[in-house]
Amino acid sequence: MPAKKKPYDGPVLTAEWPLPAAATLGSSVRAKGVLLEVRAKLPSAAKKSIDVRGNVLVLTVPENEPQQFKATSAIVTRTLDGIENLQVIPREIEDILTIKTSERHRWLKDGRLQSAGTRTVKLRGRARKITFHVFDPRFVETVLNDDLVTTWREDDIETKAENRRRASEMRALMRRPKTSSAKPAPADSPEDAAAGELRGLAEFLREGFLR
């Protein structure tokens, strides 16, 4: 088994890139997502040379590797150009808006959370792939700034109360006793009434009451 490489503790070259608020949207999870996006563009040997501290990306390269420092810095700068338009993934939007996974699913289903499409990724070390919805960062910013989450939660409470009221009314209706199914006797038609009058007249004449 090869010996582990000792951590470098000599002089280093460093560079920093403050992340704009439009990119992080006030979320440390989102800042970590930006870091992962940047690392994905770097060669394997350079991925660990960059990290995030708060809202600042920090590149640290041994002083004796100036070419790597220069090349990595160029890639980071190029990747961060327009990073505020990077689509927001589920765990990021939950942290940005401080919402539960169940709320994200419900509001996505009824259209309040507008999907910007889907992304499919392969899980690390597994053959299985997963597909999930992503969101436009400017839409997420609007939801955050307009406090739409509070409005949506109030709407959900009203909807839930209305559903309970309707369910209660339905249960009461189901418990109501059924009326008798016996059909009322049909009313005499005009023809039947006339025939009855004639039979009565014949009986009257037989009895001789007019004699």
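Above this text you will find the structure in question.
Described in the following lines is the structure provided in the data block. (Residues numbered from 1 in each chain as written. Predicted model: local features only at pLDDT ≥ 70, side-chain atom pairs only at ≥ 80, totals over all residues. Heavy atoms only, no water.)

Attention now goes to the overall build of the protein chain. Helix and strand content of the protein chain: eight helices and five strands. Going residue by residue from the N terminus, the α and β elements of the protein chain occur as β-α-α-β-β-α-α-α-β-β-α-α-α. Considering only contacts in the protein chain between residues 6 or more positions apart, those separated by 24 or more positions represent 60%. If you sum the accessible surface of the protein chain, you get close to 15400 Å²; carbon and sulfur atoms cover 54% of it. (Helix = DSSP H or I, 4+ residues; strand = E, 2+ residues; numbered from the N terminus. Contact = heavy atoms within 4.5 Å. Areas by Shrake-Rupley, 256 points an atom, 1.4 Å probe, with all protein chains shown as cover.)

What follows concerns the sheet that holds strand 2 (residues 50-53). Read across the open sheet, the three strands follow the order 1-3-2; overall the sheet is antiparallel. Edge positions in the sheet fall to strand 1 (12-18) and strand 2, since each has one partner strand and no second. With strand direction ignored, the average angle separating the axes of adjacent strands in the sheet is 25°. Pairing analysis gives four bridges linking strand 2 to strand 3 (residues 56-62), with the strands arranged antiparallel. In the strand pairing of strand 3, Arg53 is matched with Val56. Relative to strand 2, helix 2 (residues 28-41) is tilted by about 170°, and along the sheet it contacts strand 2 and strand 3. Along the sheet, helix 3 (residues 66-80) makes contact with strand 1, strand 2 and strand 3, crossing strand 1 at roughly 5°. (Pairing = 2+ DSSP bridges. Axes fitted to C-alpha atoms, helices over the stretch in contact; angles between N-to-C directions.)

Together, Met170, Leu173 and Met174 make up a nonpolar patch on the protein surface, roughly 340 Å² of accessible area in all. Take Met170: it is sitting in helix 7 (residues 148-175). (Patch = residues over 30% accessible without salt bridge, like charges linked within 9 Å, V, L, I, M, F, W, Y side chains within 5 Å. Salt bridge = Lys/Arg side-chain N within 4 Å of Asp/Glu carboxyl O.)

Here we come to the nonpolar core. Counting 21 residues, the largest nonpolar core has Trp17, Ile50, Leu57, Leu59 and Leu80 as the members making the most contacts within it. Looking at this core, the elements with two or more residues in it are strand 1, helix 2, strand 2, strand 3 and helix 3. Excluding residues within four positions of it along the chain, Trp17 makes contact with Ile50, Asn55, Val56, Leu57, Leu59, Ser73, Val76, Thr77 and Leu80. Within the second largest apolar cluster, 15 residues are counted, among which are Leu25, Ile99, Leu113 and Val140. (Core = buried A, V, L, I, M, F, W, Y, C linked by side-chain atoms within 4.5 Å. Buried < 20%, exposed > 50% of the residue type's maximum accessible area, 1.4 Å probe, protein only.)

Here the focus is the pattern of salt bridges. Tallied over the entire structure, the rule returns ten salt bridges. Close ionic contact of Arg104 with Glu94 constitutes a salt bridge, the shortest N to O distance being 2.6 Å. With Arg104 in helix 5 (residues 101-109) and Glu94 in helix 4 (residues 90-97), the pair connects residues that are ten residues apart, well separated along the chain. The same class applies to Arg104 and to Glu94, which are both buried. A salt bridge links Arg165 to Glu169, with the shortest nitrogen-to-oxygen separation between them at 2.5 Å. Remark: Glu169 and Arg165 occur in helix 7; sequence separation between them is four residues, near one turn of the helix. Connected via shared salt-bridge partners are Arg106, Asp110, Arg112 and Asp156.

What follows covers the packing of helix 4 against helix 6 (residues 137-145). A pair of packed helices can be characterised by two numbers: the angle between their axes and the separation between those axes. At their nearest, the axes of helix 4 and helix 6 sit 10 Å apart, and the two run at 25° to each other. Taken together, the axis directions place helix 4 and helix 6 in an arrangement best described as roughly parallel. Pair helix 4 / helix 6 crosses with right-handed handedness. In contact with Ile93, Ile96 and Leu97 of helix 4, helix 6 contributes Val140, Val143 and Leu144. Of the residues that constitute the contact of helix 4 with helix 6, the class distribution is six nonpolar, no polar and no charged. (Parallel < 35°, antiparallel > 145°, perpendicular 65-115°, else oblique. Left-handed = near helix turned anticlockwise from the far one by under 90°. Nonpolar A, V, L, I, M, F, W, Y, C, P; charged D, E, K, R; others polar.)

Here strand 4 (residues 118-122) runs beside strand 5 (residues 129-133); their pairing, made up of five bridges, is antiparallel. When the sheet's bridge partners are listed, Arg119 is paired in strand 5 with Phe132.

By themselves, these observations are geometric and do not establish any function.
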